[in-house]
Amino acid sequence: MQTIRTDVAIIGSGVGGSAVAHQLAGSGAKILILERGDDLPNEPQNSDAEAVFVQSRYKTTDEWVDAKRAPYRPGQYYYVGGHTKFYGTAMFRFRESDFTHTQIDGATSPAWPVSYADLAPYYAAAERLYGVRGAAGVDPTEPPRDAFPHAAIPHEPVIAALSDRLRAQGLHPFAMPSAIDYGPDGTCRRCGTCDAFACRFDAKGDADKRVLRPLLAHSDVRLDRNAKVTRLITDGEGKHIVAAEVLRSGEILRVEAQVFALCAGAINSALILLRSACEAAPDGIANRSDVVGRYLMNHHLTGLMGVKPFTTNTTKFPKTLSLNDFYHGLPDDPDARGNIQMLGNIQGAMIRATYPRTPRAAADWLGRHSVDVLAMGEDLPDRESRVRLLDGDRVQVDYRPGGRAAHDRFVRHVRHVLRRAGFPVVLRHSFGIQAPSHQCGTVRMGDDPATSALNAMCRAHDHPNLYVVDAGFFPSSAALNPALTIAAQALRVGAHLRNARAI
Ligand SMILES: Cc1cc2nc3c(=O)[nH]c(=O)nc-3n(C[C@H](O)[C@H](O)[C@H](O)COP(=O)(O)OP(=O)(O)OC[C@H]3O[C@@H](n4cnc5c(N)ncnc54)[C@H](O)[C@@H]3O)c2cc1C
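The protein carries the name GMC family oxidoreductase in an unreviewed UniProt entry, which gives Paracoccus caeni as its organism. Regarding the protein, the relevant UniProt record gives this comment under Sequence similarities (unreviewed entry): "Belongs to the GMC oxidoreductase family." Quoted verbatim from the Cofactor (unreviewed entry) heading of the UniProt record, the comment on the protein is "FAD".

If you want it as C-alpha cells, here you go:
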C-alpha cells in the first residue's frame, strides 16, 4: 500500500474544506486536499434542464435507503468545489438570534458555542472571498455589519413589480445577497439557468472558482481528485488520528498527517466517522457522545409558484429579492416563521422530473407563467433524525423533520401574501430529504463533550488532531441558506490552526 505524508490532510473540497485550505496556504505547512469527485465538465448539458433534472446527469449514482429501507439515488453531487457547483448563490449571514437558545412550537433550537460577534469578521472575509453582492441596511432583521463587498444586483422588471406589491402590503423586501459575477464587467451572461445548474461561464461564486483554483498556485497545496476517503485510522489508544485510508483509481492509499480536517459534507463526514469504528472507538470516531450521524437537519423548503395566466415571466436572474418580515414569526403566531426568497426560474423539465405525468406542454406553460418563490423554515434538531450504516456499509437516511406544523402555517401565510401581490393561483411543492441540499447537524458542536462531538473550534472532543469543518457542525439550522456560515466558521478554524501552530 502506498503511503503519502503531509502536514494537513483536508478531506473534501467544498465550502468547508476550501476555506480551511485558504487559511493555511502559504503557512509553510504542506496541505493535501483529498476529493472523491473530479472537475465538473464544462459542457452544454450544464445548463440543459432535461439533462440536469430529467436525466440526473450530474447526481451521484450511489444508492442510499430511506427510513423504510426503500432504495433511492440521493441528490448528492461529488465534484471539485462540492455542492456549490450547483448552488443558488444566496449568501446570507445568520441572524444574532440564530446563535441563541429558542423555543419554537414546543421544540428547542439550541444555542451555538459561538456567537454572531465571534463569526462577524469571518463572515466579512467570506463575503469578500466569494464576491458577495448585496445592500446593507435594508433587511429589517440584519445583524450589525459593514457594507457588502459589491453593490446589489438590480431587479429585473417582473421582480421589481413584485417588490412594489410587497411594499404596498407594508412589507420590507430587500436585495438578496448573492455570490455571482454580475454587472457590466462581469462574466455572468444572464443565461437564465443558475440555481441547481452548474455555470458554464464561471460566473457563479463557487468554492472551486473563488477559493480552490487560486490556492493551487501555491506549491504547498495539492488537490488529489478521485480520491475517496473510506475511513480514518487512530493510534493504538484511539486518541490521535494517524492516517486516512483512501480509495483512488481502484488502489488503496494511506495518507498520514499531523492534522486532519474532515470536510466531506454533513452526511458523508458522519458516515466516515461511523465507518472508522475500531476497538478503541467501537461506535465510531469522535463519537463518545453518540451524537455522530444524529440530529440530521435539512430546512423546511417549500417552493411556491405564483401563476399569472396572461403574463409571461421573462426574468433571467430572479434571485434578487428576499423578505425577512416574518423571520421571527407572524404577528399572531410567533412560531410560524421563516425566510422568503426567490427561487431560480422553474422550467417545465423540472416540473416533469418531479411530477412525470404532467404533459410537457402544461409543464412548459406553467414554467413560463409563474414567478417562483422559496419559503424556508428552521428544521428543529431531533436526536432520532439520523444517518447510519446498515449491514456493514449500506447508508440509511432516517430523517425526522422538526417543526413541520409551524412551517405549514408559515407557508399558508406566504401563499396569502402572494395572492395579495397579484397571483390568482399559487401552487406549492415541498422539497424532501431525497435532495439533502441544506443537510447539516450530524457532527454537532457544543461545550459539553457528553452531548456534542466537536468544540467551538470544530475540534473533536475525543481527538486533538481531528477537526470536522462542514455543515455537520451546525447545532441548529436557522432559517437561512447555510453556505456563508460554513465558510465563515471554516475560515475561523483555519485561522486558529495557523495561529496556534497546531501543525
Ligand atoms: C441545488 C442546490 C442549491 C443550493 N443553494 C444554496 C444557496 O443558494 N445558498 C447556500 O448558502 N447554500 C445552498 N446550497 C447548499 C450549499 O451548497 C451547501 O450547504 C454547502 O455546499 C455545503 O458545504 P460543505 O462544505 O458542508 O459540503 P459540500 O459542499 O458537500 O462539500 C463536501 C465535499 O466533500 C467531498 N466528499 C464527500 N465524501 C468524500 C469522501 N469520502 N472522500 C473525499 N471527498 C469526499 C464531496 O465530493 C464534496 O466536494 C445548495 C445546495 C444545492 C445542492
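Visitor: Honestly, the overall build of the protein in this entry has me stumped. Any pointers?
Guide: The helix and strand inventory of the protein stands at 10 helices and 23 strands. By the compact-globule yardstick of 23 Å for 503 residues, the protein fits well, its C-alpha radius of gyration being 22 Å. A principal-axis box enclosing the C-alpha atoms of the protein has dimensions of 70 × 50 × 50 Å. For the protein, the residues scored as buried account for 59% of the 503 residues in total. Within the protein, counting contacts between residues at least 6 apart in sequence, those at least 24 apart form 72% of the total. Roughly 19300 Å² of accessible area belongs to the protein as shown, and the carbon and sulfur atoms make up 49% of that amount.

Visitor: Please clarify how the packing of helix H1 (residues 15–24) against helix H5 (residues 207–215) should be interpreted in this entry.
Guide: Two quantities define a packed helix pair, namely the angle between the helix axes and the distance between the axes. Between H1 and H5, the least distance of the axes is 9 Å, while the angle of their chain directions is 35 degrees. Crossing geometry of H1 relative to H5 is assigned as left-handed. Side by side, H1 and H5 meet where Val-15, Ser-18, Ala-19, Ala-21 and His-22 of the first sit next to Ala-207, Val-211, Leu-212 and Leu-215 of the second.

Visitor: What is the right way to look at the pattern of salt bridges in this model?
Guide: What the rule picks out here adds up to 31 salt bridges. A salt bridge links Lys-85 to Asp-208, with the nearest nitrogen and oxygen atoms 2.9 Å apart. Taken as a pair, Lys-85 in the loop between strand S5 (71–72) and strand S6 (102–104) and Asp-208 in helix H5 lie far apart in primary sequence, 123 residues in all. For the pair Lys-85 and Asp-208, one class covers both residues: buried. Asp-290 serves as the salt-bridge partner of Arg-294, at 3.4 Å between the closest nitrogen and oxygen. Since its relative accessible area comes to 30%, Asp-290 is described here as partly exposed. Within this structure, Lys-85, Asp-202, Asp-206, Asp-208 and Arg-213 form a network of salt bridges that share partners.

Visitor: Mind showing me how you'd approach the packing of aromatic side chains here?
Guide: Aromatic ring pairs are described here by two measures, namely the spacing of the ring centres and the angle between the planes. Under the defined criterion, the tally for this structure stands at 16 aromatic pairs. Geometrically, the ring pair formed by Phe-53 and Phe-197 is edge-to-face, given 5.4 Å between the ring centres and 75 degrees between the ring planes. With Phe-53 in helix H2 (residues 49–54) and Phe-197 in the loop between strand S10 (178–179) and H5, the pair connects residues that are 144 residues apart, well separated along the chain. Ring pairing ties together the aromatic residues Phe-94, Phe-99, Trp-112, Tyr-116, Tyr-123, Phe-473 and Phe-474, which thus form one cluster.

Visitor: I'm lost on a nonpolar patch on the surface in this one. Help?
Guide: Taken together, the side chains of Met-1, Leu-247 and Ile-252 present a nonpolar region at the surface, about 310 Å² in accessible area. If you trace the backbone, Leu-247 turns up in strand S13 (residues 241–248).

Visitor: I'm lost on the sheet that holds strand S22 (residues 425–431) in this one. Help?
Guide: Strand-to-strand pairing in sheets goes through backbone hydrogen bonds, with the strands running parallel or antiparallel. Taken in spatial order, the 6 strands make up an open sheet running S9-S17-S18-S19-S16-S22, and their pairing is antiparallel. Looking at the sheet topology across the chains shown, the edges are occupied by strand S9 (174–175) and S22. Pairing geometry for S9 and strand S17 (residues 321–323), over 2 bridges, is antiparallel. Residue pairing for S17: Ala-175 is matched across the bridge by Leu-321. Helix H4 (residues 157–168) contacts S17, strand S18 (339–342) and strand S19 (370–377) of the sheet and is inclined by roughly 20 degrees relative to S17.

Visitor: Would you mind showing me how to read helix H6 (residues 266–275) here?
Guide: Helical geometry note: an α-helix holds 3.6 residues per turn, so side chains three or four residues apart project in the same direction. Summarising burial for H6: 9 of the 10 residues are buried, a large majority. Turning to H6, its buried residues number three or more, namely Ala-266, Ile-267, Asn-268, Ser-269, Ala-270, Leu-271, Ile-272, Leu-273 and Leu-274.

Visitor: Would you mind showing me how to read the packing of helix H3 (residues 116–130) against helix H10 (residues 483–499) here?
Guide: In contact at an axis separation of 8 Å, H3 and H10 are set at 110 degrees when each is read in the N-to-C sense. Taken together, the axes of H3 and H10 are roughly perpendicular relative to one another. The residues of H10 that touch H3, namely those facing Asp-118, Leu-119, Tyr-122, Tyr-123, Ala-125, Ala-126, Glu-127, Leu-129 and Tyr-130, are Leu-484, Thr-485, Ala-487, Ala-488, Gln-489, Leu-491, Arg-492 and Ala-495. Across the contact of H3 with H10, the residue classes tally to 12 nonpolar, 2 polar and 3 charged.

Visitor: How do you make sense of the sheet that holds S13 when you look at a structure like this?
Guide: On the basis of which strands lie adjacent, the open sheet formed by 4 strands has the order S1-S14-S13-S12 and mixed pairing. The open sheet has two edge strands with one neighbour each: strand S1 (2–5) and strand S12 (227–234). Sheet twist, expressed as the mean angle between neighbouring strand axes with direction ignored, is 30 degrees. Taken together, the 4 bridges between S1 and strand S14 (residues 251–256) define a ladder with parallel strand orientation. Across the sheet, Arg-5 pairs through a bridge with Glu-256, a residue of S14.

Visitor: Just checking my understanding: could you explain the side chain of Arg-95 for this structure?
Guide: Looking at the element boundaries, Arg-95 is found in the loop between S5 and S6. Separated by 2.9 Å, the side chains of Arg-95 and Thr-141 make a polar contact. Once you skip the residues sitting within four places of it in the chain, Arg-95 turns out to touch Asp-139, Thr-141, Glu-142, Pro-143, Asn-324, Tyr-327 and Leu-480.

Parameters and conventions
- Residues numbered from 1 in each chain as written.
- Predicted model: local features only at pLDDT ≥ 70, side-chain atom pairs only at ≥ 80, totals over all residues.
- Heavy atoms only, no water.
- UniProt positions renumbered as here; feature names shortened; annotations may be inferred.
- Helix = DSSP H or I, 4+ residues; strand = E, 2+ residues; numbered from the N terminus.
- Rg over C-alpha atoms; globule rule 2.2 N^0.38 Å.
- Buried < 20%, exposed > 50% of the residue type's maximum accessible area, 1.4 Å probe, protein only.
- Contact = heavy atoms within 4.5 Å.
- Areas by Shrake-Rupley, 256 points an atom, 1.4 Å probe, with all protein chains shown as cover.
- Axes fitted to C-alpha atoms, helices over the stretch in contact; angles between N-to-C directions.
- Left-handed = near helix turned anticlockwise from the far one by under 90°.
- Salt bridge = Lys/Arg side-chain N within 4 Å of Asp/Glu carboxyl O.
- Phe/Tyr/Trp six-rings, centres within 6.5 Å; stacked < 30°, edge-to-face > 60°.
- Patch = residues over 30% accessible without salt bridge, like charges linked within 9 Å, V, L, I, M, F, W, Y side chains within 5 Å.
- Pairing = 2+ DSSP bridges.
- Parallel < 35°, antiparallel > 145°, perpendicular 65-115°, else oblique.
- Nonpolar A, V, L, I, M, F, W, Y, C, P; charged D, E, K, R; others polar.
- Polar contact = N/O pair within 3.5 Å; in protein donor to acceptor, adjacent residues only side chain to side chain.

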